[in-house]
Amino acid sequence: MSEKKPFYITTPIYYPSGNPHIGHCYTTLACDVVARMKRMQGFDVMFLTGTDEHGQKIEKKAQEEGVTPKEYVDVIVENFKKLWSRLGITYDRYIRTTDDYHIESVQKIFKKLYDDGYIYKSSYKGKYCTPCESFWTESQLVDGKCPDCGREVTDAEEEAYFFKLSQFGPRLKELLLDEEKDFLEPKSRVNEMINNFIEPGLQDLCVSRTSFTWGIPVTFDPGHIVYVWVDALSNYITALGYMNETYDDYKKYWPADMHVMAKEIVRFHSLIWPAILMALGEPLPKKIYGHGWITFGAAGGKMSKSAGNVVDPFVLCDRYGVDALRYHLLREMPFGADAPYTNEMMFNRINSDLANDLGNLVSRTVAMAIKYFDGTLPAEKDFNDSDEELLGMASALPAFVSENYESLHISDALAEIFKVISRANKYIDENEPWVLAKDETKKGRLAAVLYNLLDTIRVCTILLSPVMPHVTPEIFKQIGADESCTTWDAASLRHALKADVTVEKGPVLFPRIDTEKELAELDALSPKKDLPSEPLKDVTDFDNFAALDLRAVKVLSCEKVPKSDKLLLFKVDDGFGERQVLSGIAQYYKPEELLGKTLAMIVNLKPRKMMGYESCGMILSVRDGDRFRVVEFDDSIKPGSDIS
Ligand code: MSP
């Protein structure tokens, strides 16, 4: 058995209703920093992330795309995983709520709560916000609209199961106010929860649905599916093997050390989740952290796909480096507050902190050690009291940084590290190594100054490594720090570098960004309403083009695919016979508008099934602003004519 202490940290499980964006990155990165640090500190870490794949929103999206909900989420989940891998996220487990073991556990949890009298059947009448999948009471609405997203709500009534949330009010209040536990951070959210939800009186929570089917069935009442938040919140324990045989980690890791999320879902985590656990008789998580939002654009607001203001994190990583993006996002967001994102702010941050302060400090120090000592410092050094300020600052860093990383004040921790880096740059100017170098009798002093600098860089680099894990090994290499002095514990040691340390010149750590030029280039890359949105693709062989069979085809019949907002079903004459094809252009055309038209089509694509219909080929259309138009020919073109 391992003797390491367990540490369990979780991100929310994200909705794969669209691809991941920078907002999702922040939470996941923050958890990654804590997980990496705790591993360096010798903990046995379980870092969980995943996707919350059920619910009406996903069902609708899939329908619009003409695929099944599972087919729809499979693609997006891959994109989440790709992004986490690109960002160097070291999660230990990835849970999908469509995983069999999770479904099995949720069904058992629901049944247990029912058997134990915490869930009962009744009928629900209330206001429902479809995008948020939340029921609201009249008094919770803001101007008659959903208090979370501000959208219209509708009257809804259905037979449903209810969870007796109302009876947990006093225990939840006690939990939130317990100063020793400090259950919820930041403190401002505690008041929000108490004043907005507990004091007015908690309502029993509707925990089943019958109005759609994409969810986990209630085993003992067909037609009912488990409310998506009960399904989702349970992930934190099902992923450890609670009520399933797939994993056996519940005893070891539960209760979680920290659940991390943004403010809009604190309500679910600090009220509903503890109440469910209380009803199950299970221990409660130790801490809930609700950080602010990364906002985007002048108007602020949470970044979301529907607002059309998404900055592609893959593009940012490719152009400016993974660690620069990690650093920027983590540095920019003060815990508890919102932080705007702009590319310009990121470039300024990279140039000032990373290129100027850190990058320069390392390259100047290494260059001087090479210039004055051929790269290897002499063992004899002349330290003096004036070194104390810099060394003292470095000694105070590890405790401050550990505490602030762990309490998610990552930005404060980084600011403190960069204060020391700035102080080190100032130390160079104060000690003027270039003057010391001219005097043979000052060699010992010169060696001490350079050694103090290298050792300060070592301490800062250890503490930066959870935030910038890809570049820090390169810094260690350049300053000659071997494994023995780069552990987390070694950050607290003074002068841990070898006395006769040898430095090594290396590549530029953080290239400076030409802000104007990059802004223009990013601008050119971003989708414009009136321009083709796809960037140009790579050059390809003529053979690839020649392999496609492009023909003119005549539309014989055209109708809407039932239950799909996007798809039209065609029968066309391809000059050789009749074929069936689907096209996602129902928003732009009424079926009768296309009847009898001669269109352009790729006829030799492998047949594909969508919404139960086989599609043999693809009708070509061209983007026109924010719509698509079919490519068509006049009547003189015969069906089957080849296009080249
Ligand atoms: N599926 C639920 C969570 C269930 S957890 C049991 C959900 N998913 S979500 O995809 O909407 O993710 C919300 C979370 O993503 C936020 O709480 C936050 O952690 C992260 N963020 C998404 N956009 C964000 C910003 N713009 N800024 C910061 N974090 C954001 O809610």
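It should be emphasised that the depicted structure is a prediction, and the values quoted were computed from it without experimental measurement.

**Considerations on the side chain of Asn351**
Inference 1: Relative to the assigned elements, Asn351 resides in helix H13 (residues 343–373).
Inference 2: Judged by relative accessible area, which is 6%, Asn351 ranks as buried.
Inference 3: Apart from residues lying up to four places away in sequence, Asn351 is in contact with Asn356, Arg512, Ile513 and Thr515.

**Topic: the pairing of strand E2 (residues 44–51)**
Inference 1: For E2, the tally of buried residues reaches 8 of 8 residues, placing the bulk of the element in the interior.
Inference 2: Neither face of E2 is open: one carries Asp44, Met46, Leu48 and Gly50, the other Val45, Phe47, Thr49 and Thr51, and all of them are buried.
Inference 3: One ladder, built from 7 bridges, connects strand E1 (residues 6–14) with E2; its direction is parallel. Looking across to E2, one finds that Phe7 is bridged to Val45.
Inference 4: Chirality of the crossover, the property in question, places the unit of E1, helix H1 (residues 22–40) and E2 among those that are right-handed.

**So, the site of the ligand**
Inference 1: Inspection of the region around the ligand gives 25 residues, with Ile13, Tyr15, Thr27, Asp52 and Ile294 positioned closest.
Inference 2: Here Thr27 contributes a side-chain N or O atom positioned 2.6 Å from an oxygen atom of the ligand.
Inference 3: Here an oxygen atom of the ligand sits 3.0 Å away from a polar atom, N or O, in the main chain of Ala262.
Inference 4: Calculation on the ligand without its partners gives an accessible area of 670 Å², and the protein chains cover 96% of this total.
Inference 5: Contributions of two or more residues to the shell around the ligand are made by E1, H1, helix H7 (228–233), helix H8 (235–238) and strand E11 (258–262).

**Digging into helix H5 (residues 169–177)**
Inference 1: Of the positions making up H5, those classed as buried are Gly169, Leu172, Leu175 and Leu176. Considered in projection along H5, the buried side chains sweep an arc of 125 degrees and stay on one side of the axis. Among the exposed residues of H5, those oriented more than 90 degrees off its buried face are Pro170 and Glu174.
Inference 2: Those residues of H5 hidden inside the fold are in contact with strand E7 (184–185), helix H6 (187–198) and helix H10 (266–280).

**Some points on the sheet that holds E7**
Inference 1: With parallel pairing, the 6 strands of this open sheet are ordered in space as E3-E2-E1-E11-E12-E7. The strands lining the two open edges of the sheet, one partner per strand, are strand E3 (93–96) and E7.
Inference 2: Summarising the sheet, E1 and E11 pair through 2 bridges and their orientation is parallel. Along E11, the bridge assignment pairs Thr10 with His259.

**Observations regarding the sheet that holds strand E6 (residues 154–163)**
Each strand in a sheet pairs with its neighbour through backbone hydrogen bonds, running either in the same direction (parallel) or in the opposite one (antiparallel).
Inference 1: In space, the 4 strands of this open sheet follow the order E5-E4-E6-E8, with antiparallel pairing throughout. Pairing within the sheet leaves two strands with one partner each, and these edge strands are strand E5 (134–136) and strand E8 (205–206).
Inference 2: In this structure, strand E4 (residues 119–129) lies alongside E6, joined through 10 bridges in antiparallel fashion. Bridge pairing in E6 places Lys125 opposite Glu157.

**Topic: helix H18 (residues 472–479)**
Think of an α-helix as turning once every 3.6 residues; residues three or four places apart then point the same way.
Inference 1: When H18 is considered as a whole, its buried residues turn out to be Thr472, Ile475, Phe476, Gln478 and Ile479. Buried positions in H18, seen along its axis, are confined to an arc of 165 degrees and lie on one side of it.
Inference 2: The secondary structure elements touched by the buried residues of H18 are H13 and helix H17 (443–464).
Inference 3: Of the residues one or two after H18, Gly480 is the one with positive phi, at around 70 degrees.

**Topic: the side chain of His54**
Inference 1: Along the polypeptide, His54 turns up in the loop between E2 and helix H2 (56–65).
Inference 2: Here Asp231 takes part through its side chain, which lies 2.6 Å from a polar atom of the side chain of His54.
Inference 3: His54 has contacts with Thr97, Thr98, Trp214, Gly215, Ile216, Val228 and Asp231, leaving out every residue within four places of it along the chain.

**Some points on the layout of surface pockets**
Inference 1: Put simply, the second largest pocket is a space of about 420 Å³.
Inference 2: Within the residue set of the lining of the second largest pocket, elements represented by two or more residues are E5, H6, E8 and H10.
Inference 3: In terms of residues, the lining of the second largest pocket owes the most to one element, H10, which gives 4 residues.
Inference 4: Considering only residue class, the lining of the second largest pocket consists of 14 nonpolar, 7 polar and 3 charged.

**What to know about the domain arrangement of the chain**
Inference 1: What the domain assignment lists for the chain is domain 1 (6–291), domain 2 (315–319 + 337–492) and domain 3 (542–633).
Inference 2: The centre of domain 2, based on its C-alpha atoms, is set 61 Å off from the matching centre of domain 3.

**Let's talk about the environment of Lys554**
Inference 1: Examined against the element boundaries, Lys554 turns out to sit in strand E15 (residues 550–560).
Inference 2: Residue Lys554 is classed as partly exposed on the basis of its relative accessible area of 28%.
Inference 3: Measuring from C-alpha to C-alpha, the distance between Lys554 and Leu594 comes to 9.5 Å, with 40 residues separating the pair along the chain.
Inference 4: Not counting chain neighbours up to four residues away, the residues in contact with Lys554 comprise Lys571, Val572, Asp573, Gly596, Lys597, Thr598, Asp635 and Pro639.

**Describing the nonpolar core**
Inference 1: Formed by 111 residues in total, the largest nonpolar core has its most connected members in Tyr405 and Ile417.
Inference 2: In this structure, Tyr405 is in contact with Val33, Val34, Met37, Ile410, Ala413, Leu414, Ile417, Leu463, Leu464, Pro466, Val467 and Trp488, ignoring residues within four places of it in sequence.
Inference 3: The next biggest cluster of nonpolar side chains, apart from the first, holds 60 residues, and it includes Leu48, Val218, Tyr250 and Trp273.

**Notes on the packing of helix H11 (residues 313–320) against helix H19 (residues 515–525)**
Inference 1: Running from amino to carboxyl end, H11 crosses H19 at an angle of 145 degrees, the nearest separation of the two axes being 12 Å. Where H11 crosses over H19, the handedness of that crossing is right-handed. Contacts from Val315, Leu316, Arg319 and Tyr320 in H11 reach Glu518, Glu521, Leu522 and Leu525 in H19.
Inference 2: Looking at the contact of H11 with H19 residue by residue, the class counts come to 5 nonpolar, no polar and 3 charged.

**A closer look at empty space enclosed by the protein**
Inference 1: This structure, assessed with the given rule, holds 3 cavities of 30 Å³ or more.
Inference 2: There is about 80 Å³ of room inside the largest cavity.
Inference 3: Lining the largest cavity, in full, are Leu391, Ala394, Ser395, Asn452, Asp455, Thr456, Val459, Ala491, Ser492, Leu493, Arg494 and His495.
Inference 4: Sorting elements by how many residues they give to the lining of the largest cavity places H17 first, with 4 residues.
Inference 5: Of the residues assigned to the lining of the largest cavity, the class counts are 5 nonpolar, 5 polar and 2 charged.
Inference 6: In this structure, the second largest cavity encloses a volume near 60 Å³.
Inference 7: Looking at the second largest cavity, it is lined by 13 residues, and the ones nearest its centre are Gly55, Phe212, Val226, Tyr227 and Val228.

The rules behind these values
Residues numbered from 1 in each chain as written. Predicted model: local features only at pLDDT ≥ 70, side-chain atom pairs only at ≥ 80, totals over all residues. Heavy atoms only, no water. Helix = DSSP H or I, 4+ residues; strand = E, 2+ residues; numbered from the N terminus. Buried < 20%, exposed > 50% of the residue type's maximum accessible area, 1.4 Å probe, protein only. Contact = heavy atoms within 4.5 Å. Pairing = 2+ DSSP bridges. Right-handed = clockwise from strand over helix to strand, strands pointing away. Near = heavy atom within 4 Å. Polar contact = N/O pair within 3.5 Å; in protein donor to acceptor, adjacent residues only side chain to side chain. Areas by Shrake-Rupley, 256 points an atom, 1.4 Å probe, with all protein chains shown as cover. Arc of directions from axis to C-beta. 1 Å grid on protein atoms, 1.4 Å probe; cavity = no way out; pocket = protein on both sides within 12 Å on 5 of 7 lines; lining within 4 Å. Points joined across faces, edges and corners; volume = space filled by probe spheres on them. Nonpolar A, V, L, I, M, F, W, Y, C, P; charged D, E, K, R; others polar. Domains from an automatic or database assignment. Core = buried A, V, L, I, M, F, W, Y, C linked by side-chain atoms within 4.5 Å. Axes fitted to C-alpha atoms, helices over the stretch in contact; angles between N-to-C directions. Left-handed = near helix turned anticlockwise from the far one by under 90°.

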